[in-house]
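Inside the fold
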Amino acid sequence: MKFLQAPVDLLEKHYCDLSDKPFNPKLIKYMNSGPVVVMVWEGLNMVKTGRVLLGETNPADSKPGMIRGDLCIQTGRNIIHGSDSVASAQQEINLWFKPGEVVEYQNCAQDWIYE
């Protein structure tokens, strides 16, 4: 996890798949308007589980208890992003973290959590 002010060029790389969308300039400006926290989550089915925890892209469609359901109002002012696949997660991790910044360790409760 790290806290940073994301430069525009990094945000443009992150959202390159949305570069042709009319909302893209507003998204980049919004994401650049203040600091962000970037994290790497890991665990069994983490992409799927993480996306459930985040809620629907449109906060109005998110259930209470989900991050977007509780803390967001409009899609254009979403407060959280989650990778949609393991492959995109790996690309995004490589984009946001330099080699050596992601600490690898085994939780002491690992054997009690996973079979």
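Let me begin by describing the structure that accompanies this report. Every value quoted in this text rests on a predicted model; they were computed, and no experiment measured them.

1. Thoughts on the overall build of the protein chain
Counting its regular elements, the protein chain contains 6 helices and 2 strands. Along the protein chain, helices (α) and strands (β) appear in the sequence β-α-α-β-α-α-α-α when read from the amino end. Dimensions of the protein chain, computed from C-alpha atoms along their principal axes, come out at roughly 50 × 35 × 25 Å. By the burial criterion, 26% of the 115 residues in the protein chain qualify as buried. Within the protein chain, one finds 11 positive and 14 negative side-chain charges whose respective centroids are separated by 9 Å.

2. Looking at unusual backbone geometry
Unlike most non-glycine residues, Asn45 shows phi in positive territory, near 55°. Structurally, Asn45 is set in the loop between strand 2 (36–38) and helix 3 (46–54). Taking relative accessible area as the criterion, Asn45 reaches 52% and is therefore assigned exposed.

3. Here we look at helix 2 (residues 24–31)
Every buried residue of helix 2 is accounted for by Asn24, Leu27, Ile28 and Met31. Projection of helix 2 onto a plane perpendicular to its axis shows the buried side chains occupying an angular sector of 95°, all on one side. Opposite its buried face, helix 2 presents the exposed residues Pro25, Lys26 and Lys29, each directed more than 90 degrees away. Those residues of helix 2 that are buried lie in contact with helix 1 (8–14) and strand 2.

4. A few points about the pattern of salt bridges
Under the definition given, this model contains 1 salt bridge. As a salt-bridge pair, Lys2 and Glu101 come within 2.7 Å of each other at their nearest N and O atoms. In this pair, Lys2 is assigned in strand 1 (residues 2–4) and Glu101 in the loop between helix 5 (86–96) and helix 6 (110–113), connecting sequence segments 99 residues apart. For Glu101, a relative accessible area of 32% gives the class partly exposed.

5. Details of the environment of Glu42
Mapped onto the elements of the fold, Glu42 is located in the loop between strand 2 and helix 3. Under the relative-accessibility criterion, Glu42 is labelled exposed at 64%. Counting along the chain gives 26 residues from Glu42 to Arg68, while the straight-line C-alpha distance between them is 20 Å.

6. Side note on the nonpolar core
Counting 13 residues, the largest nonpolar core has Val36 and Trp96 as its most contacted members. Where this core is concerned, the elements lending two or more residues are helix 1, helix 2 and strand 2. For this core, the element with the highest residue contribution is helix 2, accounting for 3 residues. Discounting residues that sit within four places of it in the chain, Val36 has contacts with Lys2, Phe3, Leu4, Ala6, Met31 and Trp96.

Conventions and cut-offs
Residues numbered from 1 in each chain as written. Predicted model: local features only at pLDDT ≥ 70, side-chain atom pairs only at ≥ 80, totals over all residues. Heavy atoms only, no water. Helix = DSSP H or I, 4+ residues; strand = E, 2+ residues; numbered from the N terminus. Buried < 20%, exposed > 50% of the residue type's maximum accessible area, 1.4 Å probe, protein only. Lys, Arg positive; Asp, Glu negative; His and termini not counted. Charge placed at Lys NZ, Arg CZ, Asp CG, Glu CD. Arc of directions from axis to C-beta. Contact = heavy atoms within 4.5 Å. Salt bridge = Lys/Arg side-chain N within 4 Å of Asp/Glu carboxyl O. Core = buried A, V, L, I, M, F, W, Y, C linked by side-chain atoms within 4.5 Å.

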